[in-house]
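Structural description and commentary
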Amino acid sequence: QVQLVESGGGLVQPGGSLRLSCAASGSIFSIYAMGWYRQAPGKQRELVAAITSGGSTNYADDAKGRFTNSRDNAKNTVYLQMKSLKPEATAVYYCKATIYSGSEWEYWGQGTQITVSS
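In this report, the structure presented in the accompanying data block is examined. (Residues numbered from 1 in each chain as written. Predicted model: local features only at pLDDT ≥ 70, side-chain atom pairs only at ≥ 80, totals over all residues. Heavy atoms only, no water.)

Some details on the packing of aromatic side chains
So the rule is basically this: A pair of Phe, Tyr and Trp rings is counted when the ring centres sit within 6.5 Å of each other, with Trp represented by its six-membered ring. The angle between the planes then sorts it: under 30 degrees is stacked, over 60 is edge-to-face, the rest tilted. A run of H or I in DSSP counts as a helix once it spans at least four residues, and a run of E counts as a strand once it spans at least two, with each numbered from the N terminus. We call a residue buried when its accessible area falls under 20% of the maximum for its residue type, exposed when it is over 50%, and partly exposed in between, using a 1.4 Å probe and counting protein chains only. Here, a charge over a ring is recorded when the distance from Lys NZ or Arg CZ to the ring centre is within 6 Å and its angle to the ring normal is within 35 degrees.
Summed over all chains, the structure comprises 3 aromatic pairs. Between the aromatic rings of Phe29 and Tyr100, the centroid separation amounts to 5.8 Å while the plane-to-plane angle is 50°, which identifies the pairing as tilted. Here Tyr100 lies in strand 9 (residues 91-100) and Phe29 lies in the loop between strand 3 (18-25) and strand 4 (30-39), a separation of 71 residues in the sequence. Look at Phe29 and you get exposed, because its relative accessible area is 54%. Taken together, a centroid distance of 6.4 Å and an interplanar angle of 80° make the contact between Tyr94 and Trp108 edge-to-face. Of this pair, Tyr94 sits in strand 9 while Trp108 sits in strand 10 (residues 104-108); the two residues are 14 residues apart in sequence, bridging distant segments of the chain. Judged by relative accessible area, Tyr94 falls into the buried class, the value being 14%. Here a set of aromatic residues connected by ring pairs shows up, and it is made of Tyr37, Tyr94 and Trp108. Arg19 extends its terminal NZ or CZ atom over the ring of Tyr79, reaching a point 4.1 Å from the ring centre.

Thoughts on the environment of Val92
Under the convention used in this document: Only heavy atoms enter the contact rule, under which two residues are in contact if any of them lie within 4.5 Å.
Along the chain, Val92 falls in strand 9. Residue classification places Val92 among the partly exposed residues on the basis of a relative accessible area of 22%. Counting along the chain gives 79 residues from Val92 to Gln13, while the straight-line C-alpha distance between them is 16 Å. With residues up to four places along the chain from it excluded, the contact list for Val92 reads Tyr37, Arg38, Gln39, Gly111, Thr112 and Gln113.

Description of the pattern of salt bridges
Formally: Only one rule defines a salt bridge in this text: a Lys or Arg side-chain nitrogen within 4 Å of an Asp or Glu carboxyl oxygen.
Applying the stated criterion across every chain, the model contains 4 salt bridges. Across the pair Glu46 and Arg38 runs a salt bridge whose closest N-O atoms are separated by 2.9 Å. One salt bridge in this structure joins Asp61 and Lys64, with 3.3 Å as the shortest N-O distance.

A look at the side chain of Thr98
Locating Thr98 in the fold gives a position in strand 9. Among all residues touching Thr98, those that are not within four sequence positions of it are Ser30, Ile31, Tyr32, Ala33, Glu104, Trp105 and Glu106.

Following this line, the structure appears as structure tokens:
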């Protein structure tokens, strides 16, 4: 059984910073792409950032220059460092990973709330 467990969400003031972590555990042979999505109330889930197993990254336009997606392959963990946060970043943030554990599946974390407010 593969699990993704996220941590690091919370309340932050506009202009502040947060770091999210997502650790994969279980019977894992390989982890391919890992990434972060968010879903604000009344909106569809959208990609924030993604990173391949080789470290290539892809960002949503409003994340470029302010968010940094990284991973530690030895720890099966992906990180999202966010700075200069804006109120419109308020959402539930989900970790996603494509994992091979005998067969290839996409897994999602449980989500962590980020609220940007003064």
